Amino acid sequence: MSKQGNIRISSENMMPIIKKWLYSDKDIFLREIVANGIDAITKFKKLVEMGEAESDNSEYCIKISLDKDAKTLSVEDNGIGMTADEVEKYITQIAFSGAADFLSNYEKANGDGIIGHFGLGFYSAYMVSENIEIFTKSYQKDAEGVRWESDGESVYTLEEYKKEDRGTKIVMHISEDEKEFLDEGRIRSLIDKYCSFMPYNIYFNFTGKDDKPLNDTYPLYLKDPKECTEEEYKEFYRKTFHDYHDPLFWIHLNMDYPFRLKGILYFPKVKNKTELERGHVKLYCNQVYIADNIKEVIPEFLTLLNGVIDCPDIPLNVSRSFLQNDRQVQKISRHITKKVADKLTGLFNNDREKFIQCWSDVSVFVKLGCIKDEDFYNKVKDIIIYKDLDGVYRNFDEYLKFLHPEKEDQKEEASKEDSTETKTEKEPETIYYVSDEAGQAQYISLFRQAGLNALVCDTFIDTHFISYLEYKEPTKMRFLRIDADIDAALKSETTNSDDTKELTEAFKAELKNTTIAVKAEKFKTTEVSAVINVAEFSRRFGEMNAFYGLAGADVDRDMTLVLNLSNPIVQAFMGLDEEKRKFVANQIYYLAMLSYKKLSSDEMKDFAESSNCLLENYINK
Ligand code: ADP
Ligand code: MG
């Protein structure tokens, strides 16, 4: 038997799909229904402006009400309303947006402010309702009121209904499973999240007396930045982000061309120095909240900030993948990044003191931004500053100049000579750094005695960041932690390792740690007997592995114990008997290790014993 027929796509087949897949987030139904009411009012206002309709001078507003006994949630507007035909067309035939129709009917009206384009918005209310009623009356003269009702699956009713006022009331009969949406607190928080900047007053459980709208119909970000005061910015921040710490500073975005973009981005104070706290950059479209931290519009590193961004031009679609490839969206995203870079550069150039004050809060954000976005790095590379051991902040060019004040003049001469000769690859400048001022105190003191300086790179992102800098500026600089090697300036003369072979081998033979390498150098200072060095590359490799939880975090096998040939104990070493050599070698090793990092528990026990032994001998001397 064979049979032929048409596959019919009707609302009946589509509803389960809509319910399940279209909106992953049930909460948005209220936004959709309220936004439709806002649209209806906007449309009506436009008709009044064009002389197509007459206003009755009542306040344009949306009233949301909850009736627990009847298990209904209602949204009422005094907008354009619908005739029976329109209900049939716009509501019953789903997936048909009345917004486009309105605009083509009234070409004179520009589309500004009409939200529409979420598509299928009305039907999202069926995610939480078992039944929905619409009571509506069109603005048109002599229009009859209409009542529509449907369970959203198969049948609907459309009938005349005596309605007094123009506008639409949507009554959602909340399903048994979705009772949470009959909770007042829950509804209030939804209004707060989705509707707080909507352009007409929104009342909840309106009584007619002393009612206050829940929303701010003219949020600060819409205003001209020239007219906003510092106090207003702070107040807006507190209210919107419920953060009672004042923000450090902010950026007011305000442009109309080539796309419309308004908003305020706030740099918050960092509360936790070891971990990044996610911020909220809330995206709005015509004052309707869309979502937080949409990565296609707001570059990921900017989501460490708090802010609101309103982009009426964003093509809102149910599918995110569409956003990813949209040129307009990419432009918006790049513009936001540029504004942030401009603000930071402006502060650096115009108010260095304030910039330095804010730097500890902003630096992680800037460094992360550089790593994630090369364009951003190119814009801000000159404002990245580090503190040196004297507590002075400089950017890299300033620091390199500080290290070699004489170089500037040389450079000019060199370039004159260079022009005839073949250019040799420029050696990068070595920049020493410390990652822990207290922990690396002994190395720091050696450095200071030798008249050397170093940068303090102590945020958790610095290891990544300096590697990034070396990769970006291979001929400009390379970084060495202060314990990575012995700089020539610390030595009184260079030592040939063959000359010290006897000493270093004898020393190594006595050590309980059998994996450590031993070498010797003639330091300027006599006080320190030895220090530990770990090659920069090995240490960083270990740190990266530790960061990502991989094996290979242990770098001890690449440690070198550097003996100080100027130190009297080291000088006396070869003259000692076997037993004393063992004691002295390990004690020197422990002391050096203590300045480098913690001892293992076995080593600590051994060190405590040997130290006690020393004290006894001292007392009995
Ligand atoms: P969209 O808003 O994207 O057009 P919806 O499914 O939300 O899609 O709404 C479909 C259409 O139903 C709207 O375009 C509008 O014509 C009509 N409509 C919905 N709610 C209202 C309302 N409160 N007042 C007047 N018309 C409405
Ligand atoms: Mg809609």
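Residues numbered from 1 in each chain as written. Chains lettered and ligands numbered in written order. Predicted model: local features only at pLDDT ≥ 70, side-chain atom pairs only at ≥ 80, totals over all residues. Heavy atoms only, no water.

### Section: the sheet that holds strand β18 (residues 491-493)
Where we set the bar: Strands are treated as partners if at least two bridges between them are detected by DSSP. In this text, helices come from DSSP runs of H or I with a minimum length of four residues, and strands from runs of E with a minimum of two, each type numbered from the N-terminal end. Angles run from 0 to 180 degrees between N-to-C directions of axes, and those axes are lines fitted to C-alpha atoms, restricted for helices to the stretch in contact. Residue contacts follow a heavy-atom distance rule, with two residues in contact if any of their heavy atoms lie within 4.5 Å.
Here 4 strands make up an open sheet; going across it, the order is β18-β19-β21-β20 and the pairing mixed. One side of each edge strand has no neighbouring strand; the edge strands of this open sheet are β18 and β20 (530-534). Ignoring strand direction, the axes of neighbouring strands in this sheet form an average angle of 45°. Strands in contact with helix α18 (residues 578-596) are β20 and β21 (559-564); relative to β20, the strand with the most contacts, it is inclined by about 55°.

### Structural notes on the packing of α18 against helix α19 (residues 601-619)
The condition that has to hold: In what follows, roughly perpendicular refers to angles from 65 to 115 degrees, roughly parallel to angles under 35, roughly antiparallel to angles over 145, and oblique to any angle outside these ranges. Two helices cross in a left-handed way if the nearer one is turned anticlockwise from the farther one by less than a right angle. They cross in a right-handed way if the turn is clockwise. Just so you know the grouping, Ala, Val, Leu, Ile, Met, Phe, Trp, Tyr, Cys and Pro go in nonpolar, Asp, Glu, Lys and Arg go in charged, and all remaining residues, Gly too, go in polar.
The contact between α18 and α19 brings their axes to 10 Å, and the two run at 120°. The orientation of α18 with respect to α19, classified from their angle, is oblique. For the pair α18 and α19, the sense of crossing is left-handed. Here α18 contributes Phe583, Gln587, Tyr589, Tyr590, Leu591 and Leu594 to the contact with α19, which in turn contributes Glu603, Asp606, Phe607, Ser610, Ser611, Cys613 and Leu614. Here the residues of the contact of α18 with α19 sort into 8 nonpolar, 3 polar and 2 charged.

### Some points on a positive patch on the surface
Cut-off, in case you're wondering: The patches described consist of residues with a relative accessible area above 30% and no salt bridge, like charges being joined within 9 Å and nonpolar side chains (Val, Leu, Ile, Met, Phe, Trp, Tyr) within 5 Å. The method behind every accessible area is Shrake-Rupley, applied with a 1.4 Å probe, and residues are considered shielded solely by the protein chains displayed. For salt bridges, the criterion is a side-chain nitrogen of Lys or Arg within 4 Å of an Asp or Glu carboxyl oxygen. Positive: Lys, Arg. Negative: Asp, Glu. His and the chain ends are not part of the count. For this purpose, a charge sits on NZ of Lys, CZ of Arg, CG of Asp or CD of Glu.
A cluster of like positive charges, contributed by Arg327, Lys331, Arg334 and Lys379, occupies part of the molecular surface. With respect to the secondary-structure elements, Lys379 resides in helix α10 (residues 374-380).

### A short note on the side chain of Glu133
What counts, and what does not: Only protein chains enter the accessibility calculation, which uses a 1.4 Å probe; a residue whose area is less than 20% of its type maximum is buried, one above 50% is exposed, and one in between is partly exposed. N or O atoms closer than or at 3.5 Å make up a polar contact, with two conditions inside protein: a donor-capable atom paired with an acceptor-capable one, and, for residues adjacent in sequence, both atoms drawn from side chains.
Position of Glu133 relative to the elements: it lies in strand β3 (residues 129-137). Looking at Glu133, the relative accessible area reads 13%, which means it is buried. A polar contact of 3.1 Å, which involves the side chain of Glu133, links it to the side chain of Arg147. Of note is the side chain of Glu133, whose polar atom sits 2.8 Å from the side chain of His173. What Glu133 contacts, discounting residues up to four positions off in sequence, is Arg147, Trp148, Glu149, Lys169, Ile170, Val171 and His173.

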